[in-house]
Amino acid sequence: MHLSPSNKVHFAPLMHPTHTPILLHARDPRRGELVVACSDAALARGVRLNMPLAEAAALAQRGGACVIQPHDPAADLAALTRLAEHCERFSPLVGWQTVEGSKAATNGRGGQGSGVGGREWGVGPDCLFLDVRGIGVLFGGEEALAREVVAETSRLGYEARVAIAETIGAAWAGTRVQGSGFGVQENAEAPTDSRLPTPAPLPLAVLRIPPETLDLLSQLGVTQLDQLLALPRESLRSRFGERLLLRIDQFFGRAQETIAAHRPPPQFAAEWVLEYPAERREVVEQILEQLALRVARALADRREGAVQLHCRLDCAPGGPLFLEVGLFRPSAEPGHLWDLLRMQLEQAALCCWGRAALRGPVGRVTLEARLTAPLENRQGELFAGGEHEIERQLALFIDRCSSRLGADAVLRPELTADPLPERAMKWKQGVRSRGSGVGRQKWKAALGTEYSGRSTKSRRRSAASSDSRPPTPDSQRSPLHRPLALYDPPLSLHTLSVVPDGPPVKFDFGGERHTVSRHWGPERIETGWWRGRSVRRDYWRVETASGRRFWLFRSLQEGTWHLHGEF
Amino acid sequence: MNPPAPVREAQQALVATLRREVGRLEGVRPPEDDRPLSTGVEALDRLLPAGGLRRGTLVEYLSPGSGCGAPALALAAAREACRPGRALVVLDCSSRRSRERPATESRATGFYPPAAAAWGIDLSRLLILRPANEADALWALDQALRCPGVGAVWAACDRLDVRDFRRLQLAAETGGTLGLLLREGRLRGQPTWADVQWRVSPRCRERPLWRSGRADSTSSPRGSALADHRCAAVPASLTHPTWRLRVELLRCRGGAGGQSVVLELDETAATWREATDHAPHSLPVAAELADSAPVRRA
């Protein structure tokens, strides 16, 4: 649901009758004072947005008194906050900003979510987003709810347009296309996924895109949403950037978006300031243990578990020392959190403690759970060793390993449909780490974040070219199709061949000369030129006279032989 | 000649009691779940006195070099040990590079998951650890073996102190996991804490494709000429296109070692089975003596 005060003037003091024209002006660095907002009465007298103030004032004052005030964004925001507080009687989640992607899971709220991350155009936020999933019933239907919202806001002196839709984007669009008053957007009112908006002939302004993009598109003759959707996605991306595609996806509910609550969520942090800076490691450990206990208690009170922990040790001369812990699954066990922190502390100690007893005496220790997720409620099991216990133990193991070995040393493979052997899988980290930002990646409860060594460019290309095919063709094939150990990069070989395009007869490897007794192949693997350096290889599986099996290839460009794997 | 059934049963019970007793003296704590765990190969199970491996123990696979099939054989055992939804942890020690490089950059040899998937490993339950140094590797191996959520640990580790070895064995006992260690063949005869020690070596019984005639064999080193002629001596009916490995049970707690079996790969089912046409003395010593004649003549 989306509530949009019809114009910003209402954020200004409400002491004037509505028929008095009201203008708000702000200073533009190039054009001087401009009108940034005006009331309907002012519009009726010919005032337009972005008009020089002198001209607008002359127009507005023609028919009588008018109010001209400088625009005060802080007061606007304060008024919007007050309005948001009023709207909390309709929804538990009210805000004017949205978050793309992942926070949904961490806040424990799915779905219908959020909004414009501080409007990138115009003069500040001018709408409120309310999460009304499942709330319409309490007010006797969503339409009744919408009426009530309008009644409430008009009681407060605002004129609001309300739209209820499945996605934030669609709700926002709903308030833009409605003529006046309120309306429940009929194509999106039902709370089911099947009623997502259809690409009706809507103006492009319903997407939350910057006016420059809008201008550019209209110069190209694209003014309607369905015209835009008819264009190929890839070219839209390259011409107008990721933002446009994101907005389209958010409109149709293909991209996740959440409302950022206007009240900041509770912070799970604890701090310890030492009167006399501590130099001994035992003291610091003691303090950290206490802090872990405090944070864990605060988390447990709200049934939340930490997914990412940040710790900051302020060492007086040496600058702060940061510790970071990522967890495989949310946890609020003080013992486990402390265990992970201790391991990080030991690693840090190996780096800097050993040389000079710490970088310096520690004056302040801060511990914060930056990312949290709801704890899973589990009934205790009568008998030990159940399935949940096994899962829990495994999660603890992954946490411990990631903490000591580093997050990129604990990996889970995921197959892709790429024919190039080196790229036939992607690595995912076991736990979340700093490298994978909160907003960028989806956090799935079970799996960690995607980790890929490839550049984003090539990944995008391959996503376009090959990921549409069903993955894992290799698992259908013979186990000898691919070797269990892969050389990365492939080793160059000295070979002796007889047949020009055939396999080698002999090759040197590991200080021995191997004679090929049997061979299978060739299997030609080529990659397209658009994937960076093109690769053309003929692969052979060979068995040597001693019965060992290797995977060789000949590079068709250079004609050189390489060892790529062992069975 | 067999004794009557009741006597035989009594004898078997006595042997089982004695075995347990000896195990206790050796400091082996019997795991709670002492159902045998298949090695993934029926022929190998038959060689083991318990009819399989036991949870909470270490198993060594010694092989003379890379490309010998030991990793695949160990993976078959791992597949069985991870059956009831437990995780398989692979310790990729070969990537001992400095920490600065990202994990996806070039390494010497790395474990290749797509092949593991073809061997029937569930990739969603597979975890790969890449420790940066030896101390971390040992720590990770210990932690993995200690974790009850892990079914099997697959690791290639050649350098292992006896004390560390014992530590790993105790860790496996604590966690009830199966530790599969791939090690070099030259470590045979060294002190070990593994319950079972296999020696895996490939078998060649094929005539090389391009070698025809004597001229080529004379130019080749003596060893391969011998191999060449020896292979040629095997009748064509015995040549088989699949991969064959000779697996020898070097050592086994509570049983006798020294037996061996020749396995061949069923490629479609991704399983190993005993080579049926394998005769124990198909490569007689006499044939080798006869072989050297052409070389001498040349």
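Anything mentioned here points back to the structure above.
Residues numbered from 1 in each chain as written. Chains lettered and ligands numbered in written order. Predicted model: local features only at pLDDT ≥ 70, side-chain atom pairs only at ≥ 80, totals over all residues. Heavy atoms only, no water.

Draft legend 1. Structural detail: the sheet that holds strand β3 (residues 32-38) of chain A. Residue and element names in this part refer to chain A. Overall, mixed pairing links the 3 strands, which are arranged β3-β2-β4 in an open sheet. Since the sheet does not close on itself, it has two edges, and those belong to β3 and β4 (67-70), each with one partner. In this sheet, neighbouring strand axes are inclined to one another by 35° on average, regardless of whether the strands run parallel or antiparallel. (Pairing = 2+ DSSP bridges. Helix = DSSP H or I, 4+ residues; strand = E, 2+ residues; numbered from the N terminus. Axes fitted to C-alpha atoms, helices over the stretch in contact; angles between N-to-C directions.)

Draft legend 2. Geometry of the environment of B:Val90. Residue and element names in this part refer to chain B. Here Val90 lies in strand β2 (residues 87-91). For the pair Val90 and Leu129, spaced 39 residues apart in sequence, the C-alpha separation works out to 6.2 Å. The residues contacting Val90, other than those within four sequence positions of it, are Phe111, Leu126, Leu127, Ile128, Leu129 and Trp154. (Contact = heavy atoms within 4.5 Å.)

Draft legend 3. Spatial organisation of helix α11 (residues 281-301) of chain A. Residues and elements named next belong to chain A. Between its terminal C-alpha atoms α11 stretches 30 Å, which fits the 30 Å expected from 21 residues at 1.5 Å a residue. Burial in α11 covers these residues: Val284, Glu285, Ile287, Leu288, Leu291, Ala292, Val295, Ala296 and Leu299. The positive-phi residue at the C-terminal boundary of α11 is Arg303, with phi of around 55°. (Expected span 1.5 Å × (residues − 1). Buried < 20%, exposed > 50% of the residue type's maximum accessible area, 1.4 Å probe, protein only.)

Draft legend 4. Molecular detail of the interface of chain A and chain B. Contact residues are listed per partner, giving 64 residues for chain A and 66 residues for chain B. Counting each side, the surface lost to burial between chain A and chain B is near 5400 Å², with a carbon and sulfur contribution of 63%. Considering only the side of chain A, the residues that lose the most area to chain B are A:Phe397, A:Pro479 and A:Leu484, jointly responsible for 14% of the buried surface there. Summed over the shared surface of chain A and chain B, the result is 2 salt bridges. (Buried area = accessible area lost by both parts, 1.4 Å probe. Salt bridge = Lys/Arg side-chain N within 4 Å of Asp/Glu carboxyl O.)

Draft legend 5. Spatial organisation of the sheet that holds strand β13 (residues 362-374) of chain A. Residue and element names in this part refer to chain A. Taking strand neighbours across the sheet as the criterion, the 4 strands line up as β10-β13-β11-β12 in an open arrangement whose pairing is antiparallel. Edge strands, defined here as strands with exactly one partner in the open sheet, are β10 (268-278) and β12 (321-331). Averaged over all neighbouring strand pairs, the angle between strand axes comes to 10°, with direction disregarded. Note: strand β11 (residues 304-315) against β13, 11 bridges, orientation antiparallel. Each bridged residue has a counterpart across the sheet, and for Leu309 the counterpart in β13 is Ala369. Sitting on the sheet, α11 touches β10, β11, β12 and β13, and the angle it makes with β10 is about 160°.

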